[in-house]
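# A closer look at the structure
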Amino acid sequence: MNLEPFFIAMAVAILFLMLCNLYRVVAGPTVIDRMLGMNVIGTKTTVLIVLVGIINGRVDLFIDITLAYALLNFITTIAAARFYQRLAQPAPPEPRESLMAPSAGPEVTEADAHATVSDPVREEPP
Amino acid sequence: MIIDILVIIAMLTGLLFFVATTVGIIRFPDFYSRVHAAGKGDTLSTTLFLGGAILFILRDFSEETLLTAIKLLLIVFYIFIASPTATHAIIDAGYEFRVPYWTRSSKKKCAEGEETTEENLDNGFYPEELKG
Amino acid sequence: MPPIFTFFVMLAFWTALSGKFDLFHLGMGMFSSGLVAWLSHDLLFEGHSRKLGATLIEIACFVRYLVWLFGQIVLANFHIAGLALSLYPKKHLDPHIIKFRTSLKTDFARFVLANSITLTPGTVSVRIEDNVFYVHAITRRSSADFSGPGPGEMERWVAWVFEGGSR
């Protein structure tokens, strides 16, 4: 039995349903809804790559791309979720802005001024 | 022949669950319910699709196709671990951010800060007491 | 036992991914997996030393548990499909968050329990703080396993696999 039309129909159906998921990504009320939709789309992309490989008859070539894509999708989702969670937490009590921006200007305290001065000294060649 | 029918059945079942996932993601009223649809339906439908692909590849059996099937099995195993973990990370971030939720007794309500928490306890959404 | 066990798992993974069996590739695989096993052997399996037989029994129990879990996953998908494709889904939904305390000790057992909660009908694990689980349930009926007194069915399964409890 020739299954190639069936696989093409499956790929088209998956693409259509991914477009439906894209509605949630575009119109999601919050950022995290969009992340959820992107996670589902990314998981289904692995299936789509395998199907394309089967249709082309080169599954052994496409399978490595699938593996890399699955790993990448998981890491992307975790990183975005952690970033969002970090955003939700209250700001740390000591921002320490003077350390992040040494050229902040008049608000440099004694210790920070000392630190900025002592840095180039330490890097001098002996 | 039998393998072909099994492939078709597996992929059609996966497509059915993916349709259910998509409809759930579009139709459910709040973020937490959508996470339910995404976390469960996504895992099983991907597994069924890739299982159908494994059966189709193993139809003409040789060393190379066996290797490809083992790699696909690795992907299935990986998705089985990674998909619930990603779902958990997403819903944890949403819970931390107190995204708007929906309960049966109240329409959409936003839980922000401490002062609305008491009100939310009445809806039965956030847990009242710890089970001993 | 743990470093050599990690080494063989890594070598099997390398062989499956490379797919070549000549001396050069196998030698490179043995070198790199030996390096990884030497550097980080206590990441994959936790450091406490155990006998090989106990680990094998644990893996067998885990496979038995996976069979039960797969049945639960299929049930969960039919549940969520029925909810999503019904005419008025809001009539059946009653989302809420419950909180319960677990008696599992190791991190891996808690990880397995959290992932299993996510995959079974109507519940998603939201947060774990030490031994307190926050679980979001989509209907009242689906949270019944966790709100009763004592450990629920799934927690008894996980305890049976990893910590020798009764089922």
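Quick caveat: nothing in here was measured; it's all calculated off a predicted structure. (Residues numbered from 1 in each chain as written. Chains lettered and ligands numbered in written order. Predicted model: local features only at pLDDT ≥ 70, side-chain atom pairs only at ≥ 80, totals over all residues. Heavy atoms only, no water.)

### Topic: empty space enclosed by the protein
Counted under the stated rule, the structure contains 2 cavities of 30 Å³ or more. When its volume is computed, the largest cavity comes out at roughly 120 Å³. Listing elements by their share of the lining of the largest cavity, those giving two or more residues are helix 2 (31-56) and helix 3 (59-88) of chain A together with helix 3 (63-97) of chain B. Here the lining of the largest cavity takes 5 residues from helix 3 of chain B, the largest share from any one element. In terms of residue class, the lining of the largest cavity is made up of 6 nonpolar, 5 polar and no charged. (1 Å grid on protein atoms, 1.4 Å probe; cavity = no way out; pocket = protein on both sides within 12 Å on 5 of 7 lines; lining within 4 Å. Points joined across faces, edges and corners; volume = space filled by probe spheres on them. Helix = DSSP H or I, 4+ residues; strand = E, 2+ residues; numbered from the N terminus. Nonpolar A, V, L, I, M, F, W, Y, C, P; charged D, E, K, R; others polar.)

### Digging into the interface of chain B and chain A
Taken together, the contact pairs 43 residues of chain B with 43 residues of chain A. Between chain B and chain A, roughly 4,200 Å² of surface is buried when both sides are summed, and carbon and sulfur atoms account for 79% of that area. One can count 3 salt bridges joining chain B with chain A. Of the charged contacts in the structure, one is a salt bridge between A:Lys44 and B:Asp42, with a shortest N-O distance of 2.8 Å. At the boundary of chain B and chain A, one finds 9 residue pairs in polar contact (both at pLDDT 80 or more). Those elements giving two or more residues to the side of chain B that touches chain A turn out to be helix 1 (2-27), helix 2 (31-57) and helix 3 of chain B. Per element, the largest residue contribution to the side of chain B that touches chain A is 16 residues, and it comes from helix 3 of chain B. Of the residues in the side of chain B that touches chain A, the class split is 30 nonpolar, 6 polar and 7 charged. (Contact = heavy atoms within 4.5 Å. Buried area = accessible area lost by both parts, 1.4 Å probe. Salt bridge = Lys/Arg side-chain N within 4 Å of Asp/Glu carboxyl O. Polar contact = N/O pair within 3.5 Å; in protein donor to acceptor, adjacent residues only side chain to side chain.)

### Things to note about the pattern of salt bridges
Enumeration over the complete set of coordinates arrives at 8 salt bridges over all chains. Residue B:Asp92 pairs with C:Arg127 through a salt bridge whose shortest N-O separation is 2.9 Å. A residue pair is termed interchain when its members come from two chains, as with B:Asp92 in helix 3 and C:Arg127 in strand 2 (residues 123-129). Two residues, C:Glu129 and C:Arg127, come together in a salt bridge whose shortest N-O distance is 3.9 Å. By relative accessible area, C:Glu129 is classed as partly exposed at 40%. Owing to a relative accessible area of 14%, C:Arg127 belongs among the buried residues under this scheme. Through salt bridges with shared partners, a single network forms among B:Asp92, B:Glu96, C:Arg127 and C:Glu129. (Buried < 20%, exposed > 50% of the residue type's maximum accessible area, 1.4 Å probe, protein only.)

### Remarks on the pairing of strand 3 (residues 132-137) of chain C
All names here are of chain C. Among the 6 residues that make up strand 3, 6 are buried, leaving the element largely enclosed by the rest of the structure. Along strand 3, one buried face is formed by Val132, Tyr134 and His136 and the opposite face, lined by Phe133, Val135 and Ala137, is buried too. Here strand 1 (residues 96-101) pairs with strand 3 via 6 bridges, running antiparallel. In the strand pairing of strand 3, isoleucine 98 is matched with valine 135. Pairing between strand 2 and strand 3: 6 bridges, direction antiparallel. Looking across to strand 3, one finds that threonine 123 is bridged to alanine 137. Counting the residues in the hairpin turn of strand 2 and strand 3 gives 2 residues, including aspartate 130, whose phi is positive at 50°. (Pairing = 2+ DSSP bridges.)

### Concerning the interface of chain B and chain C
Contact with chain B, which involves 41 residues of that partner, is made by 54 residues of chain C. Of the roughly 4,200 Å² buried at the junction of chain B and chain C (both faces included), carbon and sulfur atoms supply 69%. In this assembly, chain B and chain C are joined by 2 salt bridges. For C:Arg127, the salt bridge identified is with B:Glu96, shortest N-O distance 2.4 Å. In this assembly, chain B and chain C are joined by 9 residue pairs in polar contact (both at pLDDT 80 or more).

### Quick look at the confidence of the model for chain B
Residue and element names in this part refer to chain B. Of all residues in chain B, 79% have pLDDT values of 70 or greater, and the mean over the chain is 80. Between the elements of chain B, mean pLDDT differs from a low of 42, seen in helix 4 (residues 117-123), to a high of 92, seen in helix 1. Per-residue pLDDT stays below 50 along residues 107-124; that stretch engages in 30 contacts with residues further than four places along the chain or on separate chains. Contacts from residues 128-132, a stretch scored under 50 in pLDDT, to residues over four places away or in other chains number 12 contacts. (pLDDT = per-residue confidence, 0-100.)

### Considerations on a nonpolar patch on the surface
A surface patch of nonpolar side chains, amounting to about 780 Å² of accessible area, comprises A:Met1, B:Met1, B:Ile2, B:Ile3, B:Ile5, B:Leu6, B:Ile9 and B:Leu55. Considering the arrangement of structural elements, one finds B:Leu55 in helix 2. Take B:Leu55: its relative accessible area is 32%, and that puts it in the partly exposed class. (Patch = residues over 30% accessible without salt bridge, like charges linked within 9 Å, V, L, I, M, F, W, Y side chains within 5 Å. Areas by Shrake-Rupley, 256 points an atom, 1.4 Å probe, with all protein chains shown as cover.)

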